[in-house]
Amino acid sequence: MEPSSRHDRLTRLAETTLQPGFVGTTVPDWVRRRIAGGGLTSVVLFGRNIVDPEQVARLTAGLRAENRDLIIAIDEEAGDVTRLEAWTGASRPGNLALGAVDDIDLTESVARDIGRELHAAGISLNYAPSADVNSNPLNPVIGARSFGARTDVVSRHTAAWVRGLQSAGVAACAKHFPGHGDTSVDSHHGLPQVSASAEEIAATALPPFVAAMEAGVRVVMTAHLLAPAYDPELPATLSPRILVDLLRGELGFDGLVVTDGIEMSAVTARYGIDGATVRAVKGGADAVCVGGEHAGEATFDQLRGALVQAVLDGTLPEARISEAAARVAEFAAWSGSRTRAVATDDAASDIGLVAARRALRVLTRQSGNGGPGEDGGQGGHDGRDRGPVLPLVGAPHVVELSPTMNLAVDGQTPWGVAAPLSDLLPGTTSVRLTEADLRESGDLLDRKGLDPAAERSLVVVVRDAARHGWMSAAMARLLGSRPDAVVVEMGVPNGAAPGAVHLVTHGATRVSGVAAAEFLAGRR
């Protein structure tokens, strides 16, 4: 083969293995050219590409104008991680809420509803569900994205989610292999490590992935973490011991393997973005997701060039990149046929609100022993010392304590209880406070939190309070002055129930806030 023709072939193979994101709500020229050239076979959409469903449908139609089987992927977990509804807040609760209800028919219905919307928008691959077992309650990056801390719960709901989504014609992707739940480091910023033995991982973290495979999942996403039980040197995304020996060999997965965002610090801090890309494909990944933070033609060209050069200098076997590109092409043909063949009902559904209502848990502090107990919340508390009257009488003051979210969660996505409660109880006032706010002013909680609630009910909204010392301390200060306050936990609960009434929503979606507001206002 002539050198130039070999280089051209390798360039096309390299482009096929990349799944880039881009900036804008229309198709950039550089993306269109590379699709038309026959190499680029996949793209990824993020919140920055989305205005509304009609615009997304036009965008995907434009992307497919040159290749009707183009893979168009998105990270639409619903719940706290949403792209389609990044600007409005998710209309469906996330995995933790579904796991709390523990009704696999409901989970399948919610996933099918997500698939219906994605299919109508022209999207063929969803980087969901998270199959991670959130066994570490301090996990900074999984949390409410998981169906829970029990392997059996996560396994059955992962399978149900896969079935529901794929029944609507959109491919599911189980992530983050071999399991990101037992970690305490955010892989966007550092390299997490799983200290469990291979036997422990096989018993706790792997079963949900096996369940996903048995349900027919077509894609598995890798985790940027170190699992020394399998490979003491290379993160899972780059490890042939994990991706080839374990995933394909022991577990028998023969579908598409895609990386988590390759620009994340867990892999780039040591290898660089181009080095991590080459090592991922060499290690067994078929497709490299990029573009969450580095979305542009220059990054695409850099990674394509690194892959080509790695083959030319012998670092990356040509057979390996050919195999990877073939798997991408095979998946593209399959998903393209599903995109065209499956018909979905475009009617709006309220399944998300139904699920959010069912996921709500309410604890009241019973008189007598002071311990938390399940209660309907209606009556039984009529003074500041004994707790609030529910439904709330009059418009309350709401204090929302807001953490800095990990990069998987769009920072612009609305959340909370104040807005929906204002709709139901006009005159409701609110303040949202961060750690930085409280650090700058020592009396801010008094001025903005307690003083406006002097003659009114107080509602304190937290998100993963157990993981944030500052948040737990602020909540304790508020409750010290107002033991009658209602607390709404919109993250992962830890078993405690501070507040005269304690609501747990199992997620911070828009519908979760609506469900909590309905309860507080007595509309349910």
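Above this text you will find the structure in question.
Procedures and definitions
Residues numbered from 1 in each chain as written. Predicted model: local features only at pLDDT ≥ 70, side-chain atom pairs only at ≥ 80, totals over all residues. Heavy atoms only, no water. Buried < 20%, exposed > 50% of the residue type's maximum accessible area, 1.4 Å probe, protein only. Helix = DSSP H or I, 4+ residues; strand = E, 2+ residues; numbered from the N terminus. Pairing = 2+ DSSP bridges. Axes fitted to C-alpha atoms, helices over the stretch in contact; angles between N-to-C directions. Contact = heavy atoms within 4.5 Å. Polar contact = N/O pair within 3.5 Å; in protein donor to acceptor, adjacent residues only side chain to side chain. Right-handed = clockwise from strand over helix to strand, strands pointing away. Core = buried A, V, L, I, M, F, W, Y, C linked by side-chain atoms within 4.5 Å. Phe/Tyr/Trp six-rings, centres within 6.5 Å; stacked < 30°, edge-to-face > 60°. Lys NZ or Arg CZ within 6 Å of the ring centre and 35° of its normal. Left-handed = near helix turned anticlockwise from the far one by under 90°. Nonpolar A, V, L, I, M, F, W, Y, C, P; charged D, E, K, R; others polar. Salt bridge = Lys/Arg side-chain N within 4 Å of Asp/Glu carboxyl O.

### Structural notes on the pairing of strand β15 (residues 501-504)
Next, step 1: Side chains of β15 alternate between two faces, with Val501 and Leu503 and His502 and Val504 buried alike.
Next, step 2: Strand direction decides the pairing type here: strand β14 (residues 486-489) and β15, joined by four bridges, are parallel. Within β15, the position partnered with Val488 by the bridge is Leu503.

### A look at the sheet that holds strand β6 (residues 219-222)
Backbone-to-backbone hydrogen bonds join strands into a sheet, with any given pair of strands oriented parallel or antiparallel.
Next, step 1: The strand order β5-β6-β7 describes an open sheet built from three strands, whose pairing is parallel. Because the sheet does not close on itself, it has two edges, and the strands there are β5 (173-177) and β7 (256-258). Between one strand and the next, the sheet's axes are offset by a mean angle of 25°, whatever the strand orientation.
Next, step 2: Across three bridges, β5 lies against β6 in parallel orientation. Looking at the pairing, Ala174 lines up with Val220 of β6.
Next, step 3: Lying over the sheet, helix α9 (residues 240-250) contacts β5, β6 and β7, oriented at roughly 145° with respect to β7.

### A word on the sheet that holds strand β2 (residues 42-45)
Next, step 1: Spatial ordering of the open sheet is given by β2-β3-β4, a layout of three strands whose pairing is parallel. The open sheet has two edge strands with one neighbour each: β2 and β4 (125-126).
Next, step 2: As paired strands, strand β3 (residues 71-74) and β4 are joined by two bridges and run parallel to one another. From the neighbouring strand, Ile74 faces β4, where its bridge partner is Asn126.
Next, step 3: Against the sheet, helix α12 (residues 318-341) makes contact with β2, β3 and β4, and its axis sits at roughly 85° relative to β3, the strand it touches most.

### Observations regarding unusual backbone geometry
Next, step 1: Between Ala128 and Pro129 the backbone carries a cis peptide bond, its omega angle lying at 15°.
Next, step 2: The residue Pro129 is located in the loop between β4 and α6 (151-167) in this model.
Next, step 3: Cis geometry is found at the peptide bond from Phe177 to Pro178, where omega equals 5°.
Next, step 4: Here Pro178 is to be found in the loop between β5 and α7 (198-204).
Next, step 5: In this structure, Asp102 is a non-glycine residue whose phi angle is positive, near 60°.
Next, step 6: With respect to the element layout, Asp102 can be found in the loop between α4 (95-101) and α5 (104-120).
Next, step 7: A relative accessible area of 33% places Asp102 in the partly exposed class.
Next, step 8: Positive phi is not limited to glycine here, since Asp464 has a value of about 65°.

### Thoughts on the environment of Gln55
Next, step 1: Mapped onto the fold, Gln55 is located in helix α3 (residues 53-63).
Next, step 2: Given the relative accessible area of 5%, Gln55 is considered buried.
Next, step 3: Once the C-alpha coordinates of Gln55 and Thr25 are considered, the two residues, 30 residues apart in sequence, prove to be 7.6 Å apart.
Next, step 4: Setting aside anything within four residues of it in sequence, one finds Gln55 in contact with Thr25, Asn49 and Ile50.
Next, step 5: Side-chain polar atoms of Gln55 contact the backbone oxygen of Asn49, separated by 2.9 Å.
Next, step 6: At 2.6 Å, the side chain of Gln55 forms a polar contact with the backbone nitrogen of Val51.

### Notes on the side chain of Glu518
Next, step 1: Looking at the secondary structure, you find Glu518 in helix α18 (residues 510-521).
Next, step 2: Each residue touching Glu518, except ones within four places of it in the same chain, is listed here: Leu353, Arg357, Leu424, Arg523 and Arg524.

### Overview of the pairing of β3
Next, step 1: Because side chains alternate across β3, one face comprises the buried residues Ile71 and Ala73, and the other comprises Ile72 and Ile74, equally buried.
Next, step 2: Note that the unit made of β2, α3 and β3 has a crossover that is right-handed.

### Here we look at the nonpolar core
Next, step 1: One finds Val31, Leu45, Leu63 and Ile262 to be the most contacted residues of the largest nonpolar core, which totals 93 residues.
Next, step 2: Leu45 has contacts with Phe22, Val56, Leu59, Thr60, Leu63, Ile72, Ala73, Ile74, Asp75 and Ile123, leaving out every residue within four places of it along the chain.

### Re the environment of Ala419
Next, step 1: Along the polypeptide, Ala419 turns up in helix α14 (residues 418-424).
Next, step 2: Relative accessible area serves as the criterion here: at 53%, Ala419 is assigned to the exposed category.
Next, step 3: Sequence separation of Ala419 and Arg510 is 91 residues, and the distance between their C-alpha atoms is 9.5 Å.

### Quick look at the packing of aromatic side chains
Next, step 1: Taken as a whole and judged by the stated rule, the model has three aromatic pairs.
Next, step 2: Ring geometry for Trp30 and Phe300: centres 5.6 Å apart, planes at 45°, overall tilted. One end of the pair, Trp30, is in helix α2 (residues 29-36); the other, Phe300, is in helix α11 (residues 297-312), and 270 residues separate them in sequence. Neither residue differs from the other here; Trp30 and Phe300 are each classed as buried.
Next, step 3: Arranged with centres 5.2 Å apart and planes meeting at 85°, the rings of Phe177 and Phe209 form a pair that is edge-to-face. Of this pair, Phe177 sits in strand β5 while Phe209 sits in helix α8 (residues 207-214); the two residues are 32 residues apart in sequence, bridging distant segments of the chain. Summarising the burial analysis for this pair, Phe177 and Phe209 share the class buried.
Next, step 4: Geometry around Trp334 places Arg218 over its ring, the cationic atom sitting 4.1 Å from the centre.

### Observations concerning the packing of α5 against α6
Next, step 1: Direction vectors running N to C along α5 and α6 enclose 35°, while the axes themselves pass 7 Å from each other. Crossing of α5 over α6 shows right-handed handedness. Residues Ile104, Thr107, Glu108, Ala111, Arg112, Ile114, Gly115 and Leu118 of α5 lie in contact with α6, whose contacting residues are Arg156, His157, Ala160, Trp161, Arg163, Gly164, Leu165 and Ser167.
Next, step 2: Residue composition of the contact of α5 with α6, grouped by class: seven nonpolar, five polar and four charged.

### Quick notes on the pattern of salt bridges
Next, step 1: A complete count under the given rule lists 34 salt bridges for this structure.
Next, step 2: Glu297 serves as the salt-bridge partner of Arg33, at 3.0 Å between the closest nitrogen and oxygen. Remark: Glu297 occurs in helix α11 and Arg33 occurs in helix α2; sequence separation between them is 264 residues.
Next, step 3: In this structure Arg33 comes out as partly exposed when scored by relative accessible area, which is 46%.
Next, step 4: Notably, a salt bridge pairs Asp75 with Arg83, separated by 3.4 Å at the nearest N-O pair.
Next, step 5: Residue classification places Asp75 among the buried positions, given a relative accessible area of 12%.
Next, step 6: By relative accessible area, Arg83 is classed as buried at 7%.
Next, step 7: A cluster of three or more residues bridged by salt bridges with shared partners is formed by Glu15, Arg33, Arg34, Glu297, Asp301 and Arg304.

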